[in-house]
Amino acid sequence: VLAWLTFPLSPAEVESDILRRVRALLRELDGHHPSCQSDRGMLRWTLHKKIDQDPSNSGVLVRILVKELERAERGDSRHHIIPLLHTLMYTLIQAPCVPDELCARVYDFCKRLLTLPKPFCTIGLDYASRLKMERAAPGTLYQRMVISEQSLCSDPYPYQDKIFIFADPELLPQAICHALLSDTEAAQVSQSRRGCMSCVVTHTLQAALGDTCDIHGLRARLQALPPGDVEHWFQQVVAAVECSGSTGGWERGQHTARLERIHHALLGSVPPGNAPQEGLQGTPLPKPNISFHLWTEAEQLWKELVLFLRPLSQSCEPECLRQELEPPEVQEMLSDCECCEQSRCSVLSTDSGIERDLPAAAEEPCAADTEHSRLHRKGGIKKKPSPLDGVAFLQAGSGGAGGKPPGRTGMSPEPAAPLQRLHTARVVLLGDDRILGRLAQAYHSLRKRETRRVFLTPRLNLQFYHIPVVPGHPNPSGAAGDPTGPEELCEVAGYLGRADPWYESNINTLCHVIPKLATMPSSPSRALVTDLFLTDVIAYYTLMGTQPVCFQVHAVKV
């Protein structure tokens, strides 16, 4: 790789080198790669880093991957399809400009996957819908990813994502926890909100205009503008792309024409063509918003999710959801979290539940309301009305004739729009099966809390990811008292690897790679590898891990 960076190769040599790397990935999937176990999972990362150094070669990689996918479809190599398709889509998202002919071939291939059983048809449908939007408005996938991962609030696309890494300090060595904490913090320091907006503007304009886009002039112009003007042009580009990608939007020609006007207006009086045109120039993909947490408290998962939603609910949600929980009430929920599980105050009830035992003062004075008073329980818990209750009631009754709620024949209210989960929390768990047991307990507690007061469920899409990590000092096979070894402590990861070959080759192999990188001595080579690999592979997993595996959670008391 260093030789390739120093001495540029010819186009034929570049294509041959990329083909060799792709074939090495396929041999790794077949289990025939000669590399040792600790080096598996690095091939995909080095391939993408090679394309990042020269984005003009992204079209070559896309063409090679499409050929390999069609070959796997014709032959008996279905286990190659999903890993190759993930690599292809990750390349398409970051590519500065991909010919529509290649996108059409990938789109047709994804449609053919709909005739295959799960998980091929599920992933094919997901990627086909994404490619349809990308072909109508180039740059949509990149733009939406950066907006959601960097919490760049925009009315046309209000969705927000965040990655939470949870590790148990009692299960992982201190070196691994320290390395992950330093890497995630360094990734966030190296980028800013203004820089992320500039990346969206430059990538979207280049994806739509291709070689006619003055990428050097755009970067210089955005660098000279104040932050307010950068955000203005960012909102203009987002509105143009989202209108084109939505149903009933413009055609691709109209979309390109509007972005051309934005391109000329943004450059203003800067004469075009001053900078030498060097072909397509890639725009780096900003690191996602990742936070690292040492799991030391029982309710820490619920606390972090509430703190994640609290600032977003005040800026990126509809007005009806903003008014549901005021900041003092959220603070009350957080303060009650420490004591609600440890101690509960008991109140002695003197209500027998018999109507004749009610005191005389409690009777209603009006005879017309006597029947109503008998059906109304005195002294009960008064629930605060919430817009969620009305929406849920309307949705439950909309399945009947006419879409009216049952028992409300005299009224015909206008049905409210269904609530959308605008935010996604991707919880990554590092460790063996023991941390998954702790997750099951925390998730069970979270669901019990939601039954008492709904807050997270209607507005948060909660997804869990598991990266197996085993310390580098396994127990001897004949050790007394604890006969379990690394394989026995990672049974869930082994099951996921058998269910998904992509997980086996890219994620399951990290159980040996992460401890090795964390214990490397401090040196420039370590900083070059770990600061990129650890954060990149976590972001790649949460982005491309689209095949869910469901588990039933049981609570057993002995």
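Our subject in this report is the structure included herewith. The structure displayed is predicted, hence computed values, not measured ones.

**Here we look at the overall build of the protein chain**
Next up, step 1: Of the regular secondary structure elements, the protein chain holds 24 helices and four strands.
Next up, step 2: Out of the 558 residues in the protein chain, the part that is buried amounts to 45%.
Next up, step 3: By element, 56% of the accessible surface of the protein chain is carried by carbon and sulfur atoms, the whole surface being about 29300 Å².

**Overview of the packing of helix 9 (residues 174–189) against helix 23 (residues 510–518)**
Next up, step 1: Close contact between helix 9 and helix 23 brings their axes to 9 Å; oriented N to C, the two are set at 85°. Judged on the interaxial angle alone, helix 23 and helix 9 are roughly perpendicular. Residues Ala-175, Ile-176 and Ala-179 of helix 9 form the contact with helix 23, whose participating residues are Ile-514, Pro-515 and Ala-518.
Next up, step 2: Taken together, the residues of the contact of helix 9 with helix 23 sort by class into six nonpolar, no polar and no charged.

**Here we look at the sheet that holds strand 3 (residues 423–431)**
Next up, step 1: With parallel pairing, four strands are arranged side by side in an open sheet as 2-1-3-4. Of all the strands in the sheet, the pair left with one neighbour each is strand 2 (290–294) and strand 4 (460–468). Here the average twist between neighbouring strands, direction ignored, is 20°.
Next up, step 2: The sheet contact formed by strand 3 and strand 4 spans nine bridges and is parallel. Bridge pairing in strand 4 places Val-427 opposite Phe-464.
Next up, step 3: Helix-sheet contacts for helix 19 (residues 433–452) involve strand 1 (160–167), strand 3 and strand 4, and the interaxial angle to strand 3 is about 145°.

**Quick notes on the packing of aromatic side chains**
Next up, step 1: Across all of its chains, the model carries 10 aromatic pairs by this definition.
Next up, step 2: Between Tyr-495 and Phe-551 the ring centres are 5.9 Å apart and the planes differ by 65°, which places this aromatic pair in the edge-to-face class. Placement of the pair is Tyr-495 in helix 21 (residues 491–499) and Phe-551 in the segment after helix 24 (524–544), with a sequence separation of 56 residues.
Next up, step 3: Looking at Tyr-495, the relative accessible area reads 40%, which means it is partly exposed.
Next up, step 4: One Lys or Arg, Arg-44, reaches over the ring of Tyr-540 and ends 3.6 Å from the middle of that ring.
Next up, step 5: It is Arg-449 that lies over the ring of Trp-302; its NZ or CZ is 4.4 Å from the centre.

**A short note on the nonpolar core**
Next up, step 1: Residues Leu-85, Leu-88, Leu-92 and Ile-467 are the most contacted members of the largest nonpolar core, which totals 108 residues.
Next up, step 2: For Ile-467, the residues in contact, after removing those within four places along its chain, are Val-428, Leu-429, Leu-430, Gly-431, Ile-507, Leu-510, Ile-514, Ile-538 and Tyr-541.
Next up, step 3: If you look at the next biggest cluster of nonpolar residues, it comprises 21 residues, including Leu-309, Ala-425, Val-427 and Leu-429.

**A look at the environment of Lys-162**
Next up, step 1: For Lys-162, the location among the structural elements is in strand 1.
Next up, step 2: For Lys-162, a relative accessible area of 18% corresponds to the buried category.
Next up, step 3: Look past the residues within four positions of Lys-162 in its chain and what remains in contact with it is Asn-289, Ser-291, Phe-308, Thr-424, Ala-425 and Arg-426.

**Looking at unusual backbone geometry**
Next up, step 1: Cis peptide bonds are those with omega within 30 degrees of zero, and the linkage from Lys-118 to Pro-119 qualifies with 5°.
Next up, step 2: Assignment of secondary structure puts Pro-119 in the loop between helix 6 (100–112) and helix 7 (120–136).
Next up, step 3: A positive phi is found at Ser-151, a non-glycine position, where the angle reads about 55°.

**Topic: the packing of helix 4 (residues 58–74) against helix 6**
Next up, step 1: Closest axis-to-axis distance for the helix 4/helix 6 pair is 10 Å, and the angle between their directions is 25°. It follows from the interaxial angle that helix 4 and helix 6 lie roughly parallel. Seen along the crossing, helix 4 lies across helix 6 with a hand that is left-handed. Along its contact with helix 4, which presents Gly-59, Val-62, Arg-63, Val-66, Lys-67, Leu-69, Glu-70 and Glu-73, the element helix 6 presents Glu-101, Leu-102, Arg-105, Val-106, Phe-109 and Arg-112.
Next up, step 2: For the contact of helix 4 with helix 6, the residue count by class is six nonpolar, one polar and seven charged.

**Section: the environment of Trp-295**
Next up, step 1: You can see Trp-295 is positioned in the loop between strand 2 and helix 14 (300–313).
Next up, step 2: Sequence separation of Trp-295 and Glu-170 is 125 residues, and the distance between their C-alpha atoms is 9.1 Å.
Next up, step 3: With residues near it in sequence (within four places) discarded, Trp-295 still touches Phe-166, Ala-167, Asp-168, Pro-169, Gln-300, Leu-301, Leu-429, Ile-435, Arg-438, Leu-439 and Ala-442.

**Notes on the pairing of strand 2**
Next up, step 1: Counting buried residues along strand 2, four of its five residues qualify, which places the element largely inside the surrounding structure.
Next up, step 2: One ladder, built from five bridges, connects strand 1 with strand 2; its direction is parallel. When the bridges of strand 2 are listed, Ala-167 appears paired with Leu-294.

**A closer look at the side chain of Gln-143**
Next up, step 1: Position of Gln-143 among the secondary structure elements: in helix 8 (residues 140–149).
Next up, step 2: Residue class for Gln-143 comes out buried when judged on its relative accessible area of 0%.
Next up, step 3: In this structure, Gln-143 is in contact with Val-200, Thr-204, Val-237, Val-238, Val-241 and Glu-242, ignoring residues within four places of it in sequence.

**Side note on the pattern of salt bridges**
Next up, step 1: Scanning the entire structure with this criterion turns up 21 salt bridges.
Next up, step 2: The closest approach of N and O atoms between Glu-299 and Arg-449, which form a salt bridge, is 3.2 Å. With Glu-299 in the loop between strand 2 and helix 14 and Arg-449 in helix 19, this pair connects stretches of sequence that are 150 residues apart. Grouping residues by exposure puts Glu-299 and Arg-449 together as buried.
Next up, step 3: Salt bridges here are not isolated pairs; linked through shared partners, they connect Asp-17, Arg-20, Arg-21 and Lys-50.

**Details of helix 19**
Next up, step 1: Its 20 residues give helix 19 an end-to-end C-alpha distance of 30 Å, which sits within 8% of 28 Å, the value for a rise of 1.5 Å per residue.
Next up, step 2: Within helix 19, the full set of buried residues consists of Ile-435, Leu-436, Leu-439, Ala-442, Ser-445, Leu-446, Arg-449 and Glu-450.

**Re the side chain of Glu-242**
Next up, step 1: Mapping Glu-242 onto the fold places it in helix 12 (residues 227–245).
Next up, step 2: Within polar-contact distance, the side chain of Glu-242 engages the side chain of Arg-144 at 2.8 Å.
Next up, step 3: If we skip the residues at most four places from it in the chain, Glu-242 touches Gln-143, Arg-144, Pro-156 and Tyr-157.

Conventions adopted
Per chain, residue numbering runs from 1 following the sequence as it is written. Local features in a predicted model are, by the rule used here, given only for residues with pLDDT of at least 70; side-chain atom pairs are given and counted only at 80 or more, and totals for whole chains, interfaces and linings are based on all residues. The basis for every side-chain value is the complete set of non-hydrogen atoms in the structure, without hydrogens or water. Secondary structure elements follow DSSP: runs of H or I of four or more residues count as helices, runs of E of two or more count as strands, with numbering from the N terminus. Classification of residues uses two cut-offs on accessible area relative to the type maximum, computed with a 1.4 Å probe and protein chains only: under 20% is buried, over 50% is exposed, and between them is partly exposed. Only the protein chains shown count as covering a residue, and every accessible area follows the Shrake-Rupley method with a 1.4 Å probe. For helices, the fitted line uses only the C-alpha atoms of the stretch in contact; every axis is such a line through C-alpha atoms, and the angle between N-to-C directions lies from 0 to 180 degrees. Relative orientations are named as follows: roughly parallel for angles under 35 degrees, roughly antiparallel for angles over 145 degrees, roughly perpendicular for angles from 65 to 115 degrees, and oblique for any other angle. We call two residues in contact whenever any of their non-hydrogen atoms come within 4.5 Å of each other. Throughout this entry, Asp, Glu, Lys and Arg are counted as charged residues, while Ala, Val, Leu, Ile, Met, Phe, Trp, Tyr, Cys and Pro are counted as nonpolar. The remaining residues, Gly among them, count as polar. For two strands to pair, DSSP has to find at least two bridges joining them. Planes of paired rings set the category: under 30 degrees apart is stacked, over 60 is edge-to-face and the rest tilted, where pairs are Phe, Tyr or Trp rings (Trp by its six-membered ring) whose centres lie within 6.5 Å. Whether a charge lies above a ring is judged from NZ of Lys or CZ of Arg, which has to be within 6 Å of the ring centre and within 35 degrees of the ring normal. Throughout, nonpolar core names a set of buried Ala, Val, Leu, Ile, Met, Phe, Trp, Tyr and Cys residues whose side chains join them through atoms within 4.5 Å. Left-handed describes a crossing whose near helix is turned anticlockwise from the far helix through less than a right angle; right-handed describes the clockwise counterpart. For this document, the term salt bridge refers to a Lys or Arg side-chain nitrogen within 4 Å of an Asp or Glu carboxyl oxygen. A helix is expected to span 1.5 Å for every residue after the first. Under the rule applied, a polar contact is a pair of N or O atoms within 3.5 Å (in protein, one hydrogen donor and one hydrogen acceptor; residues adjacent in sequence only if both atoms are side-chain atoms).

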